[in-house]
Amino acid sequence: MGYEYDRVEVPDDGARIEVVDEEADELSVPENPIIPIIHGDGIGTDVGPAAQKVLNAAAEATGREIAWMRVYAGESGREKYDEHLPDDTVNAIDEHRVGIKGPLTTPVGAGFRSLNVALRQTLDFYANVRPTYYLDGVPSPMKAPEEMDMVTFRENTEDVYAGIEWEEGTDEVEQVREFVEEEMGFDDTMHDGPIGIGIKPITEFGTKRLVRKAIDYAIEHDRDTVTLVTKGNIMKFTEGQFSEWGMEVAEEEYPDEEVFAVPDSLWETTDDIDIPEDAVTVEERLADAMLQWMQLRTDEFEVMAMPNLNGDYLSDAAGAQIGGLGIAPGANFGDARVLAEPVHGSAPKRAGQDMANPTAMILSGRLMFDYIGWKDAADLIRDAVETTISGGEVTYDLARQREDAEKLGTTAYAEAIVDNLEDLA
Ligand code: NAP
């Protein structure tokens, strides 16, 4: 591709990750890949460098080295370029295929859309992926938090997040109201007076590529089930259609022995169905019921695929069950590209004090390693983080919920993880 960069350098001690097959998500990853990193705003300045330490240690312990390419966005982008999302940053992530970012503050003021949304849309990161699993020693409100081990695939580009909406009082909103009432015949449906209207687009293309990603992930990671989560009983032609298209992917694109689309799974039990023994099963569930089953029958769910808004609610609820924001990792997947990022935001009141918990950013890096096939390094990171937390070395957010733990700053906590990682390697 070969972009020209204005104010950042491509490291000359690393090699580029190359695409072998874009649709099949196949990359060729050197032992010294160039990986762009955005530290991020607020606590990003604390957790970014701390995560880098741990990721470096895991790479080195498994015979590799990362050539980091520091790029800028948010406040650091504004300082360096007078722009919140400079072209250098977007191009670096585009060219190098795999990157990691800390949280970015959404600038307050008219005309600013979220930088995160802009990045996801510009580079078509269409799946937001959040693994939610319990780490021993993390305080949780649940009786058996260790039963949670699921990965959510949230569609990232459509649904009510597509931004097709009209403000009350505008000519446009009145035009849409008139069209819906008079042309489409819904004249008794909306109350009179000021109104806001939004549109919820869900396409076959957007749905199928998301569900395909979730199924492929389940196959690759030896998971047994993929659950499609919608409110298809109410929003039949959007969410219901998502479910139908998702089941079509399972039925038509994979052999039954590999992926089995369970018929009528919304309303029937699977007791009388002959399911091939080693197949990944794909089932449908309703979102409201899912929110209670996640608590009552936690260990039944493994990979979940859903439209954007359901994914937003459900992945946060799942995250709370295993200890909350400071430890919840995530990543945005596109075709043969990934941008890892913690779930949390920039937590301005905790920024720059060397106190924030870097676990979420470290585990996001773990997800990035998993994506590029560095499974040994990814496992090492999980084990080292768990050893550190269960051994009682934690940051303030977990320390305040535990009586038996030592409170460490961000840097000291990352160093404790590195020590444990070197012992475990
Ligand atoms: P937030 O930044 O996630 O922080 C809310 C609270 O969660 C913090 O005050 C802190 O609680 C706790 N927390 C979050 N991350 C933590 C960590 N790593 N370690 C310890 N505690 C942590 O949410 P917000 O205050 O609503 O959002 C602030 C800014 O971030 C906004 O501009 C928002 O747009 C942006 N944001 C960005 C992203 C992203 O870049 N992907 C995501 C979400 C929000 P205590 O203070 O109680 O300890």
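Structure first, text after, so check above.
Just so you know, these numbers come straight off a predicted model, no measurement behind them.

### Considerations on the site of the ligand
By nearness alone, 23 residues border the ligand, and Leu-104, Gly-345, Ala-347, Arg-350 and Tyr-396 come closest of all. One of the side-chain nitrogen or oxygen atoms of Glu-341 is found 3.1 Å away from a nitrogen atom of the ligand. Between an oxygen atom of the ligand and a side-chain N or O atom of Arg-400, the distance comes to 3.0 Å. The fraction of the free accessible surface of the ligand (880 Å²) that becomes covered by protein chains is 70%. A breakdown of the residues in the shell around the ligand according to their chemical character gives 9 nonpolar, 8 polar and 6 charged.

### Some points on the packing of helix α10 (residues 359–371) against helix α11 (residues 375–390)
The angle between the axes and the distance between the axes are what describe a pair of packed helices. Axis separation between α10 and α11 bottoms out at 7 Å; the angle between their running directions is 160 degrees. As far as their axial angle goes, α11 and α10 are roughly antiparallel. For α10 against α11, the interelement crossing comes out left-handed. Together, Thr-359, Ile-362, Leu-363, Arg-366, Phe-369 and Asp-370 of α10 and Lys-375, Ala-377, Ala-378, Asp-379, Ile-381, Arg-382, Val-385 and Ile-389 of α11 make up the contact between the two elements. Looking at the contact of α10 with α11 residue by residue, the class counts come to 8 nonpolar, 1 polar and 5 charged.

### As for the side chain of Glu-155
Structurally, Glu-155 is set in strand β7 (residues 149–155). Within polar-contact distance, the side chain of Glu-155 engages the backbone nitrogen of Glu-158 at 2.7 Å. Ignoring any residue separated from it by four or fewer positions in sequence, one finds Glu-155 in contact with Tyr-126, Gly-206, Leu-210, Met-306, Pro-307 and Asn-308.

### With respect to the packing of α11 against helix α13 (residues 410–424)
The geometry of α11 relative to α13 is characterised by a closest axis approach of 8 Å and an angle of 120 degrees between their N-to-C directions. Judged by the inter-axis angle, α11 sits oblique to α13. Taken as a pair, α11 and α13 cross one another with a handedness that is right-handed. Across the interface between the two elements, Leu-380, Ile-381, Asp-383, Ala-384, Val-385, Thr-387, Thr-388 and Ile-389 from α11 touch Tyr-413, Ala-416, Ile-417, Asn-420, Leu-421 and Leu-424 from α13. In terms of residue class, the contact of α11 with α13 is made up of 10 nonpolar, 3 polar and 1 charged.

### Overview of the pattern of salt bridges
Counted according to the given criterion, the structure contains 29 salt bridges. Across the pair Asp-149 and Arg-223 runs a salt bridge whose closest N-O atoms are separated by 3.2 Å. Of this pair, Asp-149 sits in strand β7 while Arg-223 sits in the loop between α6 (204–220) and β10 (225–230), and the two are 74 residues apart along the sequence. Several salt bridges share partner residues, and in doing so they unite Arg-16, Glu-18 and Glu-95 into one network.

The rules behind each value
Throughout, a residue's number is its position along its own chain's written sequence, starting from 1. Local features in a predicted model are, by the rule used here, given only for residues with pLDDT of at least 70; side-chain atom pairs are given and counted only at 80 or more, and totals for whole chains, interfaces and linings are based on all residues. Excluded from the side-chain calculations are hydrogens and water; all other atoms, namely the structure's heavy atoms, are used. To be near a molecule or strand, a residue needs just one of its heavy atoms within 4 Å of it. Any N or O atom pair separated by 3.5 Å or less is treated as a polar contact, with the protein-specific requirement of one donor-capable and one acceptor-capable atom, and with residues adjacent in sequence counted only for side-chain atom pairs. Every accessible area reported is derived by Shrake-Rupley at a probe size of 1.4 Å, with residue values counting cover from the shown protein chains alone. Classes in brief: Ala, Val, Leu, Ile, Met, Phe, Trp, Tyr, Cys and Pro nonpolar; Asp, Glu, Lys and Arg charged; the others, Gly included, polar. Each axis is a line fitted through C-alpha atoms, taken for helices only over the stretch in contact, and angles between the N-to-C directions span 0 to 180 degrees. The way it works is that DSSP assigns letters per residue, a run of H or I at least four long becomes a helix, a run of E at least two long becomes a strand, and they are numbered from the N terminus. Should an angle fall under 35 degrees it is called roughly parallel, over 145 degrees roughly antiparallel, and 65 to 115 degrees roughly perpendicular, with every other angle called oblique. Whether a crossing is left-handed or right-handed is set by the direction in which the near helix is turned from the far one by less than a right angle, anticlockwise for left-handed and clockwise for right-handed. In this analysis, two residues are considered to be in contact whenever any of their non-hydrogen atoms come within 4.5 Å of each other. When a carboxyl oxygen of Asp or Glu lies within 4 Å of a side-chain nitrogen of Lys or Arg, that pair is called a salt bridge.

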